[in-house]
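Chain by chain, the residues run as shown.
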Amino acid sequence: MKKRQSKTRKAHTVKFGIKAKLIAIIIPTIATAVVTILFLTFNSSEKIIIDYGMKMVASESATSASKVETWAQGILSYLEEARNTLKTISFDEESEMAYLKTSLNRNESYPNGIYIGESSGNYIDPSGWVP
């Protein structure tokens with residue numbers, strides 16, 4: 001009877017030993033696989049988010065640059081037009097001031113209009129400002 005009990009114990013121990021070995025191998029393997037997948041997913045997501053952010057910044061920068069360029073071109077073209085008008089047409093002092101007054105509040109960037117500085121140091125300013 002003793003022999004029979006020892007065989008049963010050995011068979012039972014061997015089965016438990018194989019289960020334990022399998023569990024000892026499978027659980028760390030699965031844990032390592034999950035950690036690896038999470039790491040790869042995190043890195044891929046990070047790259048995608050950074051690329052998207054960079055594209056958004058570049059797009060917004062281009063849009064803003066275009067708006068600034070349009071704004072600056074509008075101001076420069078008006079100032080160039082006024083300069084050409086003042087150079088080509090002979091104005092007396094009153095008509096010159098009347099022409100300059102048309103620039104008052106024309107653009108929010110220069111609400112006081114445009115003024116002329118003469119070589120003598122005098123300023124002709126339609127807003128009434130005196131330096």
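Below you will find a few notes about this structure.

What counts, and where the lines are drawn
Residues numbered from 1 in each chain as written. Predicted model: local features only at pLDDT ≥ 70, side-chain atom pairs only at ≥ 80, totals over all residues. Heavy atoms only, no water. Helix = DSSP H or I, 4+ residues; strand = E, 2+ residues; numbered from the N terminus. Buried < 20%, exposed > 50% of the residue type's maximum accessible area, 1.4 Å probe, protein only. Polar contact = N/O pair within 3.5 Å; in protein donor to acceptor, adjacent residues only side chain to side chain. Contact = heavy atoms within 4.5 Å. Phe/Tyr/Trp six-rings, centres within 6.5 Å; stacked < 30°, edge-to-face > 60°.

## Re the side chain of threonine 85
For threonine 85, the position within the fold is in helix α1 (residues 2–88). On the basis of relative accessible area, threonine 85 is assigned to the buried category, the value being 18%. Only 2.9 Å separates the side chain of threonine 85 from the backbone oxygen of glutamate 81, close enough to count as a polar contact. With near-sequence residues (within four places) excluded, threonine 85 lies in contact with Phe91 and Tyr99.

## Overview of the packing of aromatic side chains
The tally for this structure, following the rule as stated, stands at three aromatic pairs. Residues tyrosine 78 and tyrosine 110 carry aromatic rings whose centres are separated by 6.1 Å and whose planes lie at 15° to one another, so their mutual orientation is stacked. Note that tyrosine 78 is positioned in helix α1 and tyrosine 110 in the loop between α2 (93–101) and β1 (116–117), a separation of 32 residues in sequence. There is no split in this pair, since tyrosine 78 and tyrosine 110 are both buried. On the basis of an interplanar angle of 20° and a centroid distance of 5.6 Å, the ring pair of phenylalanine 91 and tyrosine 99 is categorised as stacked. On the accessibility criterion, phenylalanine 91 (26% relative accessible area) is partly exposed. With relative accessibility at 18%, the residue tyrosine 99 sits in the buried group.

Such coordinate-based values are descriptive only and should not be taken to indicate function.
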